[in-house]
Amino acid sequence: MTLLSESFSFIINSAIDVLPIIVFLFLFQRLVIGEPLANGRRILVGFVFVVVGLGLFLVGLEKTLFPLGRLMAAQLTDPAFLYETAGKAVSDLSWDDYYWVYLFAAAIGFSTTLAEPALIAVSMKANEVSGGAIGVWGLRVAVAIGVGAGVSLGCFRIISGMPLHYFIAAGYLVVILQTIVAPKLIVPLAYDSGGVTTSTVTVPLITALGLGLSEAIPGRSALLDGFGLVAFASLFPIISVLAYGQLAELRERVSAPQWRSQEFEEEERDAL
């Protein structure tokens, strides 16, 4: 099958997937609200763009991101590469000999998160709503650090073969403890950040990385061990954003006495 015919097939499948949404919206507008849809022609053209873009995006995932993730995992776990970096045969390797995998996973998680359109939009809106109290880049970097750490830890889980639920349960226990002491302003945003960052850019690449890594590591199952990286990428941004809020509050508390002492000295000088 040629690339053109495959792309056309993906677009047709995307149209079939989107069709129920279009039918529901138009019927709801007509039967429940009882008014014709304003700018119906523009909306239809927009849906056509959505369908074509979604189809081409799926082609890009299939042809680029999934193979790239598998290729990087295969190269990083290649016996020749591991022998060169660790000086051991594959049978003698332990979890700490795969440090290049952890570094790559952290880098790819951090960089893809910074490029997430949904995260950029949410960061700008959070900055606007908070009156500048929440920085755009501060929030993006905090989420990216969480994703990088989570993906790296998820790769460690695949390599070590430890059960997924141990990590997830421990992670949510940390989230619960942080929620109790974190500033209330940051809690809802932190909880949303995990879902926002696992979107169009991050998920395909880290999923491919997890599947490729589980296929390359002896004794691992792609089904049992390959999936789960998205769970880490969703959980750890919550931890990092809550920590971001806690650090901001701590910095305010530390700087507040200095401001108060300066104000007191100015009041004394004015009184004299």
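Owing to the predicted nature of the structure, the values given are computational and were not obtained by experimental measurement.

Draft legend 1. Quick peek at the packing of helix α4 (residues 99-114) against helix α6 (residues 136-160). Viewed as axis vectors pointing N to C, α4 and α6 meet at an angle of 145°, and their least axial separation amounts to 7 Å. Classified by chirality, the crossing of α6 by α4 is right-handed. Of the residues contributing to the contact of α4 with α6, the split by class is 16 nonpolar, four polar and one charged.

Draft legend 2. Just the packing of α6 against helix α9 (residues 202-216), in detail. Direction vectors running N to C along α6 and α9 enclose 20°, while the axes themselves pass 10 Å from each other. The orientation of α6 relative to α9 falls into the category roughly parallel. Considering only the axes of α6 and α9, their crossing is right-handed. Counting all contacts with α6, which are made through Val-147, Val-151, Cys-155, Ile-158 and Ile-159, the residues of α9 involved are Thr-202, Ile-206, Leu-209, Gly-210, Leu-213 and Ser-214. Across the contact of α6 with α9, the residue classes tally to eight nonpolar, three polar and no charged.

Draft legend 3. Up close: helix α2 (residues 40-76). If you check α2, its first and last C-alpha atoms are 51 Å apart, about what 37 residues at 1.5 Å a residue would give, namely 54 Å. Remark: the principal bend of α2, roughly 40°, maps to Leu-61. Every buried residue of α2 is accounted for by Gly-40, Phe-47, Val-51, Gly-55, Val-59, Leu-61, Gly-69, Ala-73 and Leu-76. Elements in contact with the buried residues of α2: α1 (3-33), α3 (79-86), α4 and α9.

Quick notes on the rules
Residues numbered from 1 in each chain as written. Predicted model: local features only at pLDDT ≥ 70, side-chain atom pairs only at ≥ 80, totals over all residues. Heavy atoms only, no water. Axes fitted to C-alpha atoms, helices over the stretch in contact; angles between N-to-C directions. Helix = DSSP H or I, 4+ residues; strand = E, 2+ residues; numbered from the N terminus. Left-handed = near helix turned anticlockwise from the far one by under 90°. Nonpolar A, V, L, I, M, F, W, Y, C, P; charged D, E, K, R; others polar. Parallel < 35°, antiparallel > 145°, perpendicular 65-115°, else oblique. Contact = heavy atoms within 4.5 Å. Expected span 1.5 Å × (residues − 1). Bend = angle between axes of the 7 residues up to and from the residue. Buried < 20%, exposed > 50% of the residue type's maximum accessible area, 1.4 Å probe, protein only.

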